[in-house]
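Chain and residue survey
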Amino acid sequence: FANHTDLPKEHEEAFKDFKILRANDDSLPVLLNECRKFINKYNLQGYDIRPRYYVCAAGGYLPPHKDMKTLCAVNHILSDRYAPLIIEDQEYLYKTAVFNTQREHHVVNNGYEARVLIKLSFFDLSYEELLAKLSTSLV
């Protein structure tokens, strides 16, 4: 896992508890395969969807922010015990969720093990567009 490389220098210290592992080409074949299965199941071929692992350290803190380039995401938590995601002061405890990364969100991981998740980041579908596509595929 590495530090988040897309952050402006002035935010690096604030995000020190937050690590990322990106799938590139043939690296992380299990993650890439899960992403392909999701894309095929919900007919999302042709969209810019990037799978990643994210970790917020045990006792760590992910400060309030809006994602810079990701419009929305599907998160799937791999940890057994984990802190909720806080979106605009509302706590959400979930195993798998679609969420709007353009709304301010953060994590306070005090009292929990490392918060590990798979994130499918959507760069060219808004939250509303993704919900519509997922809903259509379920009918």
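If you're wondering where the values come from, they're calculated on a predicted model, not measured in any experiment.

What about the side chain of R52?
- Topologically, R52 is positioned in strand β3 (residues 49–56).
- The buried category is assigned to R52, whose relative accessible area is 5%.
- Side-chain polar atoms of R52 contact the side chain of Y54, separated by 3.3 Å.

Overview of the sheet that holds strand β6 (residues 85–87)
- Sheet architecture is open: four strands sit in the order β4-β9-β6-β7, paired in antiparallel fashion. Looking at which strands have only one partner, the edges of the open sheet turn out to be β4 (61–65) and β7 (90–92). Sheet twist, expressed as the average angle between the axes of neighbouring strands with direction ignored, equals 30°.
- As paired strands, β6 and strand β9 (residues 105–108) are joined by two bridges and run antiparallel to one another. Residue pairing in the sheet places I87 in a bridge with H105 of β9.

Topic: the nonpolar core
- Counting residues in hydrophobic clusters, the biggest one holds 18 residues, and the most contacted among them are F38, L44, I49, L120, F122 and L130.
- The dominant element in this core, judged by the number of residues it contributes, is helix α1 (residues 29–41), at five residues.
- Apart from the residues lying within four places of it in its own chain, the contact partners of L130 are L44, C72, V74, V98, F122 and L125.

A short note on the layout of surface pockets
- What the second largest pocket holds in volume is close to 220 Å³.
- At the level of secondary structure, the elements contributing two or more residues to the lining of the second largest pocket comprise α1, β5 (72–77) and β10 (115–122).
- No other element matches the six residues that α1 contributes to the lining of the second largest pocket.
- For the lining of the second largest pocket, the per-class residue count stands at six nonpolar, three polar and three charged.

Regarding unusual backbone geometry
- Backbone geometry places L28, a non-glycine residue, at a positive phi of 55°.
- Taking the relative accessible area as the measure of exposure, L28 reaches 25% and is therefore partly exposed.
- At E88, a position not held by glycine, the phi torsion is positive, near 45°.
- Summarising the element assignment, E88 is placed in the loop between β6 and β7.

Side note on the confidence of the model for the protein
- Residues at a pLDDT of 70 or more form 88% of the protein, whose mean pLDDT is 89.
- Per-element averaging of pLDDT across the protein places strand β1 (residues 2–3) at the bottom with 50 and β5 at the top with 97.

Description of the packing of aromatic side chains
- Summed over all chains, the structure comprises three aromatic pairs.
- With 4.9 Å between their ring centres and 50° between their planes, F38 and Y42 make a pair best called tilted. Both residues of the pair, F38 and Y42, belong to the buried class.
- Among the aromatic residues, ring-to-ring pairing joins F38, Y42 and F122 into one connected group.
- Above the plane of the ring of F123 lies R50, whose end atom (NZ or CZ) is 3.9 Å from the centre.

Calculation rules
- Residues numbered from 1 in each chain as written.
- Predicted model: local features only at pLDDT ≥ 70, side-chain atom pairs only at ≥ 80, totals over all residues.
- Heavy atoms only, no water.
- Helix = DSSP H or I, 4+ residues; strand = E, 2+ residues; numbered from the N terminus.
- Buried < 20%, exposed > 50% of the residue type's maximum accessible area, 1.4 Å probe, protein only.
- Polar contact = N/O pair within 3.5 Å; in protein donor to acceptor, adjacent residues only side chain to side chain.
- Pairing = 2+ DSSP bridges.
- Axes fitted to C-alpha atoms, helices over the stretch in contact; angles between N-to-C directions.
- Core = buried A, V, L, I, M, F, W, Y, C linked by side-chain atoms within 4.5 Å.
- Contact = heavy atoms within 4.5 Å.
- 1 Å grid on protein atoms, 1.4 Å probe; cavity = no way out; pocket = protein on both sides within 12 Å on 5 of 7 lines; lining within 4 Å.
- Points joined across faces, edges and corners; volume = space filled by probe spheres on them.
- Nonpolar A, V, L, I, M, F, W, Y, C, P; charged D, E, K, R; others polar.
- pLDDT = per-residue confidence, 0-100.
- Phe/Tyr/Trp six-rings, centres within 6.5 Å; stacked < 30°, edge-to-face > 60°.
- Lys NZ or Arg CZ within 6 Å of the ring centre and 35° of its normal.

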